[in-house]
Amino acid sequence: MGKLTAQAVLGRAWTKAQDDGDTGPVRWKQVDGMRWLNDAQRETVVLLPSSNPKMTVEVPNSGCRQTFSDLGIEDGIQLLGVPCNYGSDLETPGRAITLKDRKHFDEYRPRWRTEAAEEAEHYFYDLQEPKAFDIYPAISGTGGIGILYAALPRELTLITQRIDLDDIYANALQNYVLGCFYLTDTAFTAAPTKAAFYFEAFRQSLGLKGKGSLTAAAEAYAASNARGAQ
């Protein structure tokens, strides 16, 4: 969790958009800013899962296959790693669990899903199924496994609440909110161009290259408006 509040992030965005009057924002109200700030946090984690890591220790299901829903992980959007085994107290770390290629095991140990032991040695993960993974061998004991995952940020409901992500993402969040400001400003001719600029700045703040769907949509809208004005 960051130290900056929603007010701090949105206040900077309102200032950049010249909408920070003495009585508060006029063009883009607080309720809109809060909604888009929540959207910004979620989009940040979707594009950069490591921006909101969370660690938990859970008792695995019987068998090799593990899913977030079966493990009771409700806020997870993607697995980041399975560091190690834990004792029956779910506090004492045990043997490390390493990531391996499932295809290798399928080819050279085709019955690996039928094996069990006190601790897991490896885990297998496919990005096509971000909320599931397999462990090998299946755990027959009473211990747990550590699970590192990307967590969905909590919904901010008060402007005095601290953002859920680290403060290093504050600029990225501002850029996303500013993109939303201008994307919804139908009275300002250059708004779609500014929206595209801020959405691209958002992606660049996260270290991402190439235009995202919001950037492309804003640029297409700008181009459409330009053709209509001719």
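Residues numbered from 1 in each chain as written. Predicted model: local features only at pLDDT ≥ 70, side-chain atom pairs only at ≥ 80, totals over all residues. Heavy atoms only, no water.

Quick look at the overall build of the protein
Piece 1. Helix and strand counts for the protein stand at seven helices and eleven strands.
Piece 2. Split into buried and exposed, the 230 residues of the protein put 43% on the buried side.
Piece 3. Working note: accessible area of the protein is about 12300 Å², and carbon and sulfur atoms make up 50% of it. (Helix = DSSP H or I, 4+ residues; strand = E, 2+ residues; numbered from the N terminus. Buried < 20%, exposed > 50% of the residue type's maximum accessible area, 1.4 Å probe, protein only. Areas by Shrake-Rupley, 256 points an atom, 1.4 Å probe, with all protein chains shown as cover.)

Section: helix 2 (residues 30-47)
Piece 1. Compared with the 26 Å implied by 1.5 Å per residue over 18 residues, the 25 Å span of helix 2 between its first and last C-alpha is a close match.
Piece 2. When helix 2 is considered as a whole, its buried residues turn out to be Asp 32, Gly 33, Met 34, Trp 36, Leu 37, Asn 38, Ala 40, Gln 41, Thr 44 and Val 45.
Piece 3. Residues of helix 2 that are buried in the fold lie against helix 1 (6-16), strand 3 (76-81), strand 11 (144-151), helix 5 (170-183) and helix 6 (191-205). (Expected span 1.5 Å × (residues − 1). Contact = heavy atoms within 4.5 Å.)

Considerations on the side chain of Asn 52
Piece 1. Along the chain, Asn 52 turns up in the loop between helix 2 and strand 1 (53-58).
Piece 2. Polar contacts involving the side chain of Asn 52 include one to the main-chain carbonyl oxygen of Ala 151, which spans 2.8 Å.
Piece 3. Sequence-distant contacts of Asn 52, defined by excluding residues within four places in its chain, comprise Val 45, Tyr 149, Ala 150, Ala 151, Leu 152, Pro 153, Asp 164 and Leu 165. (Polar contact = N/O pair within 3.5 Å; in protein donor to acceptor, adjacent residues only side chain to side chain.)

Section: the packing of helix 5 against helix 6
Piece 1. For the pair helix 5 and helix 6, the least separation of the axes is 8 Å and the interaxial angle reads 160°. Comparing their axes, helix 6 and helix 5 come out roughly antiparallel. The way helix 5 lies across helix 6 gives a crossing that is left-handed. Of helix 6, the residues touching helix 5 (which contributes Ala 172, Asn 175, Tyr 176, Leu 178, Gly 179, Cys 180, Tyr 182 and Leu 183) are Ala 191, Pro 192, Lys 194, Ala 195, Tyr 198, Phe 199, Ala 201, Phe 202 and Ser 205.
Piece 2. Looking at the contact of helix 5 with helix 6, its residues break down into 13 nonpolar, three polar and one charged. (Axes fitted to C-alpha atoms, helices over the stretch in contact; angles between N-to-C directions. Parallel < 35°, antiparallel > 145°, perpendicular 65-115°, else oblique. Left-handed = near helix turned anticlockwise from the far one by under 90°. Nonpolar A, V, L, I, M, F, W, Y, C, P; charged D, E, K, R; others polar.)

A short note on the environment of Leu 208
Piece 1. By the element assignment, Leu 208 lies in the loop between helix 6 and helix 7 (213-229).
Piece 2. A C-alpha to C-alpha distance of 8.7 Å links Leu 208 and Leu 48, two positions 160 residues apart in sequence.

Focus on the nonpolar core
Piece 1. Leu 37, Phe 181 and Tyr 182 are the most contacted members of the largest nonpolar core, which totals 34 residues.
Piece 2. Counting residues per element, this core draws most heavily on helix 5, which supplies nine residues.
Piece 3. Residues within four places of Phe 181 in sequence aside, it is in contact with Ala 13, Trp 14, Ala 17, Trp 28 and Trp 36.
Piece 4. Residues Phe 68, Ile 97, Ile 135 and Ile 145 belong to the second largest nonpolar core, which totals 15 residues. (Core = buried A, V, L, I, M, F, W, Y, C linked by side-chain atoms within 4.5 Å.)

Concerning the packing of aromatic side chains
For any pair of aromatic rings, the description rests on two quantities: the centre-to-centre distance and the angle between the ring planes.
Piece 1. Evaluated as defined, the whole model comprises twelve aromatic pairs.
Piece 2. Linked through ring pairs, Trp 28, Trp 36, Phe 181, Tyr 182, Phe 197 and Tyr 198 together constitute an aromatic cluster.
Piece 3. Just above the ring of Trp 36 sits the side chain of Arg 35; from NZ or CZ to the centre is 5.5 Å. (Phe/Tyr/Trp six-rings, centres within 6.5 Å; stacked < 30°, edge-to-face > 60°. Lys NZ or Arg CZ within 6 Å of the ring centre and 35° of its normal.)

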